[in-house]
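Listed below are the residues making up each chain.
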Amino acid sequence: MTPNLLRPHAEQSGAAELAALAAVDDRPRPPSWRLSPWAVLTYLLGGTLDDGTVIIPKYIGPRRLMEVAVATLATDRALLLLGVPGTAKTRVSEHLSAAICGRSTLLVQGTSGTAEEAIRYGWNYARLLAEGPSEGALVPSPILTAMRAGAVARIEELTRIPSDVQDALITLLSEKTLPIPELGTEVQAAKGFTVIATANDRDRGVNELSSALRRRFNTVVLPLPASEDAEVAIVTRRVAELGAALELPELPSAADEVRRVVRVFRELRSGRTADGRTKLKSPSGTLSTAEAISVLTSGIALAAHFGDGVLRAHDIAGAVLGAVVKDPVADAVVWTEYLEAVVRERPDWSDFYRACRELAG
Ligand SMILES: Nc1ncnc2c1ncn2[C@@H]1O[C@H](COP(=O)(O)OP(=O)(O)O)[C@@H](O)[C@H]1O
Ligand SMILES: [Mg+2]
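Only a predicted model underlies this, so the values are computations on that prediction, with no experimental measurement involved.

Break down the overall build of the protein for me, with residues and values.
A count of helices and strands for the protein gives 16 helices and 11 strands. Structurally, the protein occupies a C-alpha span of about 75 × 50 × 40 Å along its principal axes. Per-residue burial for the protein yields a buried fraction of 39% across its 361 residues.

Just give me the short version of the sheet that holds strand β3 (residues 78-83), but keep the residues and values in it.
The 5 strands lie next to each other as β4-β7-β10-β3-β11, forming an open sheet whose pairing is parallel. Each having just a single partner strand, β4 (107-109) and β11 (217-221) make up the two edges of the open sheet. Ignoring which end each strand starts from, the neighbouring axes of this sheet average 20° apart. Here helix α8 (residues 142-149) sits on the sheet in contact with β4 and β7 (152-156), set at roughly 160° to β7.

Give a detailed account of the packing of helix α12 (residues 255-270) against helix α13 (residues 289-306), specifying residues and quantitative values.
The interhelical angle for the contact between α12 and α13, taken along N-to-C directions, is 145°, at an axis separation of 10 Å. Taken as a pair, α12 and α13 cross one another with a handedness that is right-handed. Note on element contacts: α13 touches α12 through A292, V295, L296 and G299, opposite E257, V258, V261, V262 and F265. Split into classes, the residues belonging to the contact of α12 with α13 amount to 7 nonpolar, 1 polar and 1 charged.

Any chance you could break down the nonpolar core for me, citing the residues and the numbers?
Core analysis: the biggest nonpolar cluster contains 61 residues, and V40, L79, L96 and A197 have the highest contact counts within it. Broken down by element, the residue count for this core peaks at 6 residues, all from helix α5 (residues 89-101). Apart from the residues lying within four places of it in its own chain, the contact partners of L96 are V40, L44, A69, L73 and I196. The next biggest cluster of nonpolar side chains, apart from the first, holds 32 residues, and it includes V232, L311, A319 and A355.

An account of the site of ligand 1 is needed here, citing residue identities and associated values.
Around ligand 1, a shell composed of 17 residues is seen, among which A88, K89, T90, R91 and A290 lie nearest. When residues of the shell around ligand 1 are traced back to their parent elements, those giving at least two are α5, α11 (228-245) and α13. Composition of the shell around ligand 1 by domain shows at least three residues from each of domain 1 (10-221) and domain 2 (228-360).

Lay out the environment of V152 in plain terms, naming residues and giving numbers.
Take V152: it is sitting in strand β7. C-alpha separation for the pair V152 and T105, spaced 47 residues apart in sequence, amounts to 9.1 Å. Leaving out residues up to four positions away in the same chain, V152 has contacts with S97, I100, C101, L106, A146, T194 and I196.

Mind laying out α8, listing which residues take part and the relevant values?
Every buried residue of α8 is listed here: I143, L144, A146 and M147. Considered in projection along α8, the buried side chains sweep an arc of 160° and stay on one side of the axis. Downstream of α8 by one or two residues, G150 has phi in the positive range, about 65°.

Requested: an account of the pairing of strand β10 (residues 194-200), with residues and values cited.
With 7 of 7 residues buried, β10 is to be regarded as a mostly interior element. A two-sided burial pattern is seen for β10, the buried positions comprising T194, I196, T198 and N200 on one face and V195, A197 and A199 on the other.

Basis of the calculations
- Residue indices follow the written sequence of each chain, beginning from 1 at its first position.
- As they are written, the chains are lettered A onward and the ligands numbered 1 onward, keeping that order.
- In view of the model being predicted, local features appear only for residues whose pLDDT reaches at least 70, and side-chain atom pairs are presented and counted only at 80 or more, with totals across whole chains, interfaces and linings using the full set of residues.
- Comment: elements are numbered from the N terminus, with helices defined as DSSP H or I runs of at least four residues and strands as E runs of at least two.
- Exposure classes come from backbone-placed C-beta atoms, where a residue is buried if 20 or more other C-beta atoms lie within 10 Å of its own, exposed if 12 or fewer do, and partly exposed in between.
- We treat two strands as partners when DSSP finds at least two bridges between them.
- Every axis corresponds to a line fitted to the C-alpha atoms, with the helix fit spanning only the stretch in contact, and the corresponding angles, defined between N-to-C directions, vary from 0 to 180 degrees.
- A pair of residues counts as a contact when their C-beta atoms, built from backbone coordinates, are separated by no more than 7 Å.
- In this scheme the handedness of a crossing depends on how the near helix is turned from the far one: anticlockwise by less than a right angle means left-handed, clockwise means right-handed.
- The classification used treats Ala, Val, Leu, Ile, Met, Phe, Trp, Tyr, Cys and Pro as nonpolar, Asp, Glu, Lys and Arg as charged, and all other residues, Gly among them, as polar.
- In plain words, the nonpolar core is the set of buried Ala, Val, Leu, Ile, Met, Phe, Trp, Tyr and Cys residues that C-beta atoms within 7 Å link up.
- A residue counts as near a molecule or strand when its C-beta atom, positioned from the backbone, falls within 6 Å of it.
- Those domain boundaries reflect an automatic or database domain assignment.
- For this quantity, the arc is that covered by the directions from the helix axis to the C-beta atoms.

The following block contains the structure:
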């Protein structure tokens, strides 16, 4: 274990579970896979092994989606995880890679500045000048490294990458070969090579995925949690895990505040109250599950260090406000309407109403 890292990689945090799975896993493994598809699925969704080992769920959501994702990777097709921000696309991609090939770090972070070198290869210019084009002067991209190793390469935020750079992926994914004309050679992917990409629904229009590229991927859409109870379950679990990882002091159950934050987020996100009676305006931000988790985590830090050790409304009000009001003008109007029309009317929310009003000054 590596206790001093702020954010261990999935293959580090999951090392014990992955080893336990490998030990009991007697099902067939696709070429180069460290585990069978069954064991990869169990690692993702959690479960209890015959020897009593408990595998904690990494993804909480429809089983079928993860089955499709894992089955896709066992074929020669790449996987595209699509969804709004905070639906665990990155998390699923890291844990899938770690379970399948033991490394989640062959990563290309997509931005508008991502160049073809990040997908193909670049050069160490000092050596290029000294030696000319040579294997030693070549700087492989994470994708090239994955091709050679028969491993999983990850591409985050694929649609942020400029279209002409995305195009470099098309032949690579269909031919499973990367030509290196400068050396007169090519790299042919070893068995086990595949790509997991993530892309944000909301980025549509930034750089649309070309249909040629989209055809190279099987797409799995990760949904927002279907119900309030489902979202409360995800947030509760992740807040507890993060609190433990950050070694925050433990608080007595924060269940009430978790449910309240989730309720506020879901109501504003969907534009109507949970009872369906009141229509609401939605703020500009996404109010994702991931943001609910961070609101509660900062609330716990406040309560533990500066409060009375119990998570209370005024420990979360500031962070809720920060998450909702991204645009200081339009979102502030949305928030005030919600506060007065909904929060104020709930008798058991008076503490939260007061805390929010105090913030408004
Ligand atoms: N369905 C879910 N199951 C487990 N964790 C989730 C789920 N949805 C959101 N999360 C939490 O949200 C965090 C952020 O997710 P992330 O993978 O960064 O989202 P995305 O890449 O889709 O924006 C995750 O680390 C996890 O804690
Ligand atoms: Mg992400």
